[in-house]
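Next come the chains, spelled out residue by residue.
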Amino acid sequence: MNYHQYYPVDIVNGPGTRCTLFVSGCIHECRGCYNKSTWRLDSGVPFTQAMENRIIADLNDTRIKRQGLSLSGGDPLHPRNVPEILRLITRVRAECQGKDIWLWTGYRIDELTAAQREVVDRINVLIDGKFVQDLKDPALIWRGSSNQVVHHLR
């Protein structure tokens, strides 16, 4: 898995202060996407064990309290990203007590594969659905177009 950007302190992509990772790879290629540079799987830089360890350390850093981890992109549920995303969120659940996990995907919840579902079963909030330019609404919170749904899972 590659990633484009990591923000150890973020107040935009989900509630509270968070760590946010933007991964590479997206098959949806939505018209009007604000993050087109993340579409190619080989764009960005490799997601390493060191980066995974940094995210865990940042989430547990008591100097800046973080509410949780946000995963966006690209698409964290791109089939090639799923194994590493699953490993990361499993570690967050085990090592970062009380932190929530939010994930944005272009897939709808009802079209997820078993592997993608395994990821979703471990997160708190899923924002699903492709961005649709004609349904764009700047008044929406946590989503760009009105077809996208915020699923509070746990």
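Per an unreviewed UniProt entry, the chain goes by the name Anaerobic ribonucleoside-triphosphate reductase-activating protein and belongs to Siccibacter turicensis. In its Sequence similarities (unreviewed entry) section, the UniProt record describing the chain reads: "Belongs to the organic radical-activating enzymes family."

Bringing the overall build of the chain into the picture now. In terms of helices and strands, the chain carries 3 helices and 7 strands. Each helix (α) and strand (β) of the chain, taken in turn from the N terminus, gives the series β-β-β-α-β-α-β-α-β-β. Dimensions along the principal axes, computed over C-alpha positions, put the chain at roughly 40 × 30 × 30 Å. Expressed as a percentage of the 154 residues in the chain, the buried residues total 50%. Considering only residue pairs separated by 6 or more positions, the chain has 62% of its internal contacts joining residues 24 or more positions apart. As displayed, the chain offers around 7,700 Å² of accessible surface, 53% of which is attributable to carbon and sulfur atoms. In the chain, 20 side chains carry a positive charge and 17 a negative one; their mean positions are 3 Å apart.

Turning to the packing of helix H1 (residues 49–60) against helix H2 (residues 82–95), a few remarks are in order. One can describe the packing of H1 onto H2 by two numbers: an axis separation of 11 Å at closest approach and a directional angle of 30 degrees. When the axis of H1 is compared with that of H2, the two are roughly parallel. Seen along the crossing, H1 lies across H2 with a hand that is right-handed. Here Gln-49, Glu-52, Asn-53, Ile-55, Ile-56, Leu-59 and Asn-60 of H1 lie close against H2, whose contacting residues are Arg-87, Leu-88, Arg-91, Val-92 and Glu-95. Considering only residue class, the contact of H1 with H2 consists of 5 nonpolar, 3 polar and 4 charged.

For the rest of this paragraph, the subject is H1. Between the first and last C-alpha of H1 there are 17 Å, a value that for 12 residues agrees with the 16 Å anticipated at 1.5 Å per step. Those residues of H1 that fall on the buried side of the exposure criterion are Met-51, Glu-52, Ile-55, Ile-56, Asp-58 and Leu-59. Projected down its long axis, H1 carries its buried residues within an arc of 165 degrees, all on one side. Tucked into the core, H1 has its buried residues touching strand E1 (2–10), strand E2 (18–23), strand E4 (68–73) and H2.

Before going further, it helps to examine the state of the cysteines. In protein structure, a disulfide is the covalent linkage between the sulfur atoms of two cysteines. Evaluation of the coordinates by the stated rule reveals 0 disulfides. Left unpaired, Cys-19 is separated from the closest cysteine sulfur, that of Cys-96, by 8.4 Å.

What follows concerns the packing of aromatic side chains. Counted under the stated rule, the structure contains 4 aromatic pairs. Pairing Tyr-3 with Phe-47 gives two aromatic rings, centres 6.1 Å apart and planes at 90 degrees, and the pair type is edge-to-face. Of this pair, Tyr-3 sits in strand E1 while Phe-47 sits in the loop between strand E3 (45–46) and H1, and the two are 44 residues apart along the sequence. For the pair Tyr-3 and Phe-47, a shared accessibility class is recorded, and that class is buried. Consider the rings of Trp-102 and Trp-104, whose centres lie 5.9 Å apart with planes at 35 degrees: the pair is tilted. On the accessibility criterion, Trp-102 (4% relative accessible area) is buried.

Now for the nonpolar core. Within the largest apolar cluster, 29 residues are counted, with the highest numbers of intra-cluster contacts made by Leu-21, Ile-55, Leu-71 and Val-119. For this core, the secondary-structure elements that each account for two or more residues are E1, E2, H1, E4, H2, strand E5 (100–104) and helix H3 (114–120). Residues contacting Leu-71, with those up to four places away along its chain left out, are Leu-21, Pro-76, Ile-85, Leu-88, Ile-89, Ile-101, Trp-102, Leu-103 and Trp-104.

Calculation rules
Residues numbered from 1 in each chain as written. Predicted model: local features only at pLDDT ≥ 70, side-chain atom pairs only at ≥ 80, totals over all residues. Heavy atoms only, no water. UniProt positions renumbered as here; feature names shortened; annotations may be inferred. Helix = DSSP H or I, 4+ residues; strand = E, 2+ residues; numbered from the N terminus. Buried < 20%, exposed > 50% of the residue type's maximum accessible area, 1.4 Å probe, protein only. Contact = heavy atoms within 4.5 Å. Areas by Shrake-Rupley, 256 points an atom, 1.4 Å probe, with all protein chains shown as cover. Lys, Arg positive; Asp, Glu negative; His and termini not counted. Charge placed at Lys NZ, Arg CZ, Asp CG, Glu CD. Axes fitted to C-alpha atoms, helices over the stretch in contact; angles between N-to-C directions. Parallel < 35°, antiparallel > 145°, perpendicular 65-115°, else oblique. Left-handed = near helix turned anticlockwise from the far one by under 90°. Nonpolar A, V, L, I, M, F, W, Y, C, P; charged D, E, K, R; others polar. Expected span 1.5 Å × (residues − 1). Arc of directions from axis to C-beta. Disulfide = S-S within 2.5 Å. Phe/Tyr/Trp six-rings, centres within 6.5 Å; stacked < 30°, edge-to-face > 60°. Core = buried A, V, L, I, M, F, W, Y, C linked by side-chain atoms within 4.5 Å.

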